Amino acid sequence: MSARKKIALGVLVSGSGTNLQAIIDASESGKIDARVAVVISDVPSARALERARKHDTAAVAIERKDFDSKKSFEERIVTTLKEHGCELVCLAGFMRIIGETLLGSYPDRIINIHPALLPSFPGLDAQKQAFDYGVKVSGATVHFVDDKTDHGPIICQKAVEVKEDDTAEALKERILEQEHRIYPAAIQLIAEGRVSIEGRRVIIK
Ligand code: GRF
């Protein structure tokens, strides 16, 4: 890693936050030129918020029910991200569809991790969808977020083989291990300024 200035990340979460933890750990150990500036959760009880606080990272709960519209909900998220100087937004188990307010405020600067090899198995329970379908290989994908769910240009993917004696739960665990590697790696590529988007293709220099 170089002495490059660390880019400020806003991480959006709803649950356990193991991917958030992987990003925090990669940042603290100097593996990525990025730091988590704020963690925002739409679920106040999310374990991810505790993880953030443990690392003296700003942790903010913003609940959809406190706002009249998706627009005003997202405006509050954007204000919070901007207050903390966020340059890149990382969705890490954020269980909401991103709307035009957030997308318009961070064009091509929102990324997501999905536990399948997109475009296969978008949506919820992707690991189980893949297992139940009977695929021999699944995996994880980091991609830019656009206006369709689990759809934007793909930054990187990692394949995970399905074993003969696998279970959906065991597969999920092995995919999660790879998520924890490729999400920080994708962030580092962006931090190094090596990523550009050409149509559906992400070009890595
Ligand atoms: C991960 O499987 C991620 O791919 C998906 O949601 C899950 C979040 O897990 N988008 P965690 O909260 O990071 O542990």
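Our structure is the block above this text.
Residues numbered from 1 in each chain as written. Predicted model: local features only at pLDDT ≥ 70, side-chain atom pairs only at ≥ 80, totals over all residues. Heavy atoms only, no water.

> Mind showing me how you'd approach the packing of aromatic side chains here?
Two descriptors summarise a pair of aromatic rings, namely the distance from one centre to the other and the angle between the planes of the rings. For the structure shown, the criterion picks out two aromatic pairs. Ring centres of Phe 121 and Tyr 133 lie 5.6 Å apart, and the angle between their planes is 65°; on these two criteria the pair is classed as edge-to-face. Here Tyr 133 lies in helix 5 (residues 126-133) and Phe 121 lies in the loop between strand 5 (110-114) and helix 5, a separation of 12 residues in the sequence. (Phe/Tyr/Trp six-rings, centres within 6.5 Å; stacked < 30°, edge-to-face > 60°. Helix = DSSP H or I, 4+ residues; strand = E, 2+ residues; numbered from the N terminus.)

> Even after reading the chapter, I still don't get the nonpolar core, so can you show me in this structure?
Ranked by size, the top nonpolar core spans 43 residues in total, and within it Leu 9, Val 11, Ile 111, Val 142, Tyr 183 and Ile 187 carry the most contacts. A per-element tally of this core places helix 6 (residues 168-191) first, with nine residues. Built from parts of two domains, this core gets at least three residues from each of domain 1 (1-107) and domain 2 (114-205). Those residues in contact with Val 11 that lie beyond four places of it in its chain are Leu 20, Val 36, Val 38, Val 39, Ile 40, Cys 90 and Ala 92. Counting 21 residues, the second-largest nonpolar core is a separate cluster that includes Leu 12, Ala 37, Leu 91 and Val 145. (Core = buried A, V, L, I, M, F, W, Y, C linked by side-chain atoms within 4.5 Å. Buried < 20%, exposed > 50% of the residue type's maximum accessible area, 1.4 Å probe, protein only. Domains from an automatic or database assignment. Contact = heavy atoms within 4.5 Å.)

> Is there a simple way to explain the environment of Val 195 in this structure?
Relative to the helices and strands, Val 195 resides in strand 8 (residues 195-198). Expressed as a C-alpha distance, the spacing of Val 195 and Asp 132, which sit 63 residues apart in the sequence, is 34 Å. The contact partners of Val 195, leaving out residues within four places of it in the chain, are Phe 144, Leu 189, Ile 190, Val 202, Ile 203 and Ile 204.

> Would you mind going over the packing of helix 1 (residues 18-28) against helix 2 (residues 47-54) with me for this structure?
Pairs of packed helices are described in terms of their axes, by the angle between the two and the distance that separates them. As a packed pair, helix 1 and helix 2 sit with axes 9 Å apart at the nearest point and diverge in direction by 15°. Here helix 1 lies roughly parallel to helix 2, going by the angle between them. Crossing hand, helix 1 versus helix 2: right-handed. Between helix 1, through Thr 18, Leu 20, Gln 21 and Ile 24, and helix 2, the contact on the second element is made entirely by Ala 48, Arg 51 and Ala 52. (Axes fitted to C-alpha atoms, helices over the stretch in contact; angles between N-to-C directions. Parallel < 35°, antiparallel > 145°, perpendicular 65-115°, else oblique. Left-handed = near helix turned anticlockwise from the far one by under 90°.)

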